[in-house]
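Residue strings, one per chain:
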Amino acid sequence: MSEVKQGLYYTESHEYVRVDGDYGYVGITDYAQQQLGNIVYVDMPEVDDEVTAGEEFGAVESVKAASDLNSPVTGTVEEVNEALEDHPELINKDAFGNWIMKVKLADKSELDSLMSADAYDKYCQGL
């Protein structure tokens with residue numbers, strides 16, 4: 001059973017966003033890292049890149065597969081988690097503690113179209 005954290009917003013493609021003021025911390029869910037297996041590489045955007053909700057911003061590669069990452073929100077990349085460059089396996093250890101990018105949110109109303117923790121949990125149970 002994968003962990004689902006309350007208070008975050010989720011996508012059907014298994015990204016989450018944790019909102020802190022005008023910023024969103026985006027990563028992949030515990031369910032996603034379990035499905036991928038041992039993560040060996042994270043392709044992250046550059047600082048100051050623009051990301052758009054629903055569009056690709058990077059990829060995660062594991063020993064089993066590569067998976068594109070889709071941004072749950074629109075905004076400007078303020079920071080990337082540089083620890084993942086040398087230690088991508090941190091996502092396997094704690095998917096929610098190891099976000100991939102910090103985004104300055106362009107439109108908080110986009111969050112309304114994302115799933116709550118309970119809705120995401122039900123969605124995963126149906127897969």
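For the structure, see preceding data.
Residues numbered from 1 in each chain as written. Predicted model: local features only at pLDDT ≥ 70, side-chain atom pairs only at ≥ 80, totals over all residues. Heavy atoms only, no water.

Visitor: Help me get a handle on the pattern of salt bridges, residues and values and all.
Guide: Inspection of the entire model under this criterion finds 2 salt bridges. Between glutamate 3 and lysine 5 there is a salt bridge whose closest N-O contact spans 3.4 Å. Residue glutamate 3 is classed as partly exposed on the basis of its relative accessible area of 38%. Overall, the relative accessible area of 34% leaves lysine 5 in the partly exposed class. (Salt bridge = Lys/Arg side-chain N within 4 Å of Asp/Glu carboxyl O. Buried < 20%, exposed > 50% of the residue type's maximum accessible area, 1.4 Å probe, protein only.)

Visitor: So what's going on with unusual backbone geometry? Residues and values would help.
Guide: Positive phi, normally seen in glycine, also occurs at histidine 14, with a value near 75°. Structurally, the position occupied by histidine 14 is in the loop between β1 (9-10) and β2 (15-20). The class of histidine 14 is buried, set by a relative accessible area of 13%. Backbone geometry places aspartate 48, a non-glycine residue, at a positive phi of 80°. The residue aspartate 48 is located in the loop between β4 (39-43) and β5 (50-51) in this model. (Helix = DSSP H or I, 4+ residues; strand = E, 2+ residues; numbered from the N terminus.)

Visitor: Give a detailed account of the sheet that holds β5, specifying residues and quantitative values.
Guide: One open sheet accounts for 6 strands, arranged β1-β2-β3-β9-β8-β5; its pairing is antiparallel. A strand with exactly one partner marks an edge of an open sheet, and here the two such strands are β1 and β5. Pairing of β2 with strand β3 (residues 23-28) involves 6 bridges; the strand directions are antiparallel. Looking at β3, one finds that aspartate 20 is bridged to tyrosine 23. (Pairing = 2+ DSSP bridges.)

Visitor: Before we move on, could you go through the sheet that holds β4 and cite the residues and values that matter?
Guide: Strand pairing in a sheet is mediated by backbone hydrogen bonds. Such pairs are either parallel or antiparallel. Spatially, 3 strands are ordered β4-β6-β7 in an open sheet, and the strand pairing comes out antiparallel. Taken across any chain shown, the strands that pair with only one partner, and hence form the sheet edges, are β4 and β7 (66-70). Strand-to-strand, the axes of this sheet are offset by a mean angle of 20°, without reference to chain direction. Pairing of strand β6 (residues 56-62) with β7 involves 5 bridges; the strand directions are antiparallel. Bridged to glutamate 61 within β7 is alanine 66. (Axes fitted to C-alpha atoms, helices over the stretch in contact; angles between N-to-C directions.)

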